[in-house]
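Structural overview
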Amino acid sequence: MSTREIFDSRIESALLLLPTLLVSVVFLYYPTALAFRTSFFDSSFGRAEVFVGLENYVGLVTSSGYHRSIVISVVFAAVVVVGVVVVSLYLTFLIHEVDTGQGLYLISVIWPYALPPAVGALVFLFITHPTLGVLTGPIESLGVEVDWFNNGSQAFVVVALAAIWKQIGYNVIFMIAAMNNVPDTLTETAELDGVGGLRRLVSVYVPIMTPTIFFLVVINTIYAFFGTFAFVDLLTSGGPSNATNILIFNLYQEGFSFFNFGVASAKSVVLFVVVGVLMFVQFRITDRYSYYGG
Amino acid sequence: MVEVLQYAKRRVDALRGDHEARRIHEDDLGTHFQLLILVVAVVFPIAVALAVSTKQTGVITGVGDLLPGSYAVENYREVLVDYRFGRFMWNSLAMSVVIVVGKLAISVFAAMAIVYYRVPYKDLVFLFILFTLLLPVPVRFIPLFQLMNDLGWSNTILAITVPYLASATTVFILRQHFLSIPTSIVETAKLDGVGPLKFMLFVLLPMSKGVLVGVSIIMFVYAWNQYLWPLIIIDSEANQVAQVGLQLLQGDVQGGQLSWSLVMAGSTLTLLPPLLLMIVFRKPLLETFSIQQK
């Protein structure tokens, strides 16, 4: 037993835990249970709920629109996660390599951690706007016609770029800490052996940073699935022709454009499973690497 | 053979210390050049927003238009007063402060009970709190919306603060930190017969200043940047937060009543509070992140 346990009043400990437990039960567990329940009902404003069994789920399994949304979400998450990790890793490496100006470089790339997604979305809308955008001219001079209000793949790229931009800060924060933990002797040995530049990053630093990178992959995946709602809502509203309609936006539409709370609840349950799987993966990975000081 | 000799020479040079000198010279321009390009890319969108927010129209046609204009005071005044963005900012501030203070208080209580009380089932309680990581807002906003309607909380500050008060992440970070406070200090407190309230106020909190500041910044950024939930649950303009208020400004642009310079002024205002806090308190913030990953 730990010597930290210096108090033993059950009433006091219960009182201390009560606020957190109360809020957890009322606003976290209970609504989740409610989502499971409602997913078996036909439910909307102004009409009585009707039990429909698995009908809402059957509807999802057979809906080609929902299948497409799943595929779009997975591809979007893959693009965002790979983009964020690669860019952040390279940036971190460059910052790690220099001796002068490190602090200044660091703050100028980690600030997007504080960036509100809604602000990021509007700024991106402005700089890539098909007629007004600052970047539109330069991009079109490369021979690409900027038309992402109508062109689905272009819209997908714009949303993904905005989402990647916002997430770089958070990733560099963790990566720089991990890279600074690599023993100097290892860096020196690598340099003496002529392992310089990018090869040192890929074959010396990355393997040692694996626990941090895995942690960030999971966090970034959750971000890509859920944290990017404002980008989709403000940049494309899921369009054009649903090309950027990721699951979280699809769920929002089901609930608050169509007011099908039953179907929306079934979609919430699907997202719950997604979060569950991601958290499980992270838990297993953290567990496996904890022996290596991760 | 030549390689072997060169290798030996490098080793010898390293021993002599020549290597160190060379490395500093190698803090080369190439790396700084790449860093500068990437930093410009990360900062560019916000620099454009800032520049445009000081102009009359918000139309950018060339590089020259990226210099600051002379309409800054007028634009910011118009956004804050005429478009009532000051009201949105105030609502966001109220929401964020209530969440930070409330979350911090009840999380300190919970973490204290978990670390310093010898009571049965506390591991189970800790798991019960950690399990809420599986229940982020996107998974439960449909039923939460219905619950708020039943409670009559829609459109109030209660709706956008109370559901956020229970925090597995904060309890976890505080628990980790409490476990790192030396047992000798805790034992001394016990020998002195210090009660739980005194222990919290005069031992625990003073020993946790850095972490408390760090988690406060994390919570503030998180709360201030919330978009989806206020969008759903707040529908009167008087109670709206800045993140969603931006959307109202943007709607007016598309309606032709407003220029982009005002939207960018609103965006800049919305970015400032979390950005300034992050820059000012970056040290405790980064230290707290390193606890979170463990």
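Residues numbered from 1 in each chain as written. Chains lettered and ligands numbered in written order. Predicted model: local features only at pLDDT ≥ 70, side-chain atom pairs only at ≥ 80, totals over all residues.

Structural notes on the overall build of chain A
Across its full length, chain A holds 13 helices and 2 strands. Taken along its principal axes, the extent of the C-alpha atoms in chain A is 75 × 70 × 30 Å. Within the span of chain A, comprising 294 residues, buried residues form 45% of the whole. Residue pairs at least 24 apart in sequence account for 72% of intrachain contacts in chain A once pairs closer than 6 positions are excluded. (Helix = DSSP H or I, 4+ residues; strand = E, 2+ residues; numbered from the N terminus. Buried ≥ 20, exposed ≤ 12 C-beta atoms within 10 Å, placed from the backbone. Contact = placed C-beta atoms within 7 Å.)

Here's the deal with unusual backbone geometry
Residues G239 of chain A and P240 of chain A are joined by a peptide bond in cis, for which omega reads -15°. Of note in the backbone geometry, N242 of chain A takes a positive phi value of approximately 65° without being a glycine. Along the chain, N242 of chain A falls in the loop between α11 (229-235) and α12 (247-256). For R84 of chain B, which is not a glycine, the phi torsion comes out positive at approximately 55°. Among the secondary structure elements, R84 of chain B is positioned in the loop between α4 (72-82) and α5 (85-116).

Some remarks on the interface of chain A and chain B
Residue-level contacts link 74 residues of chain A with 80 residues of chain B. When residues in the side of chain A that touches chain B are grouped by element, the largest group, 16 residues, is from helix α1 (residues 10-38) of chain A. Looking at the side of chain A that touches chain B, its residues break down into 54 nonpolar, 13 polar and 7 charged. (Nonpolar A, V, L, I, M, F, W, Y, C, P; charged D, E, K, R; others polar.)

Concerning the confidence of the model for chain B
For chain B, mean pLDDT is 88; residues scoring 70 or higher make up 87% of the total. As a predicted assembly, this complex carries a pTM of 0.91 together with an ipTM value of 0.92. (pLDDT = per-residue confidence, 0-100.)

Digging into the UniProt feature "transmembrane region" (unreviewed entry) in chain B
Residue and element names in this part refer to chain B. According to UniProt, the "transmembrane region" (unreviewed entry) feature falls on residues 33-52, 93-117, 124-145, 157-178, 199-224 and 258-281. Annotated as 96% helix and 0% strand, the span residues 93-117 places its first and last C-alpha atoms 35 Å apart. For residues 124-145, the helix share is 73%, the strand share is 0%, and the end-to-end C-alpha distance is 29 Å. (UniProt positions renumbered as here; feature names shortened; annotations may be inferred.)

Concerning the packing of helix α9 (residues 168-179) of chain B against helix α16 (residues 282-292) of chain B
All names here are of chain B. Where α9 contacts α16, the axes come no closer than 9 Å and their chain directions differ by 95°. For the element pair α9 / α16, the angle class is roughly perpendicular. Each of T169, I173, Q176 and H177 in α9 lies in contact with α16, whose residues at this interface are T288, I291 and Q292. Taken together, the residues that form the contact of α9 with α16 break down as 2 nonpolar, 5 polar and no charged. (Axes fitted to C-alpha atoms, helices over the stretch in contact; angles between N-to-C directions. Parallel < 35°, antiparallel > 145°, perpendicular 65-115°, else oblique.)

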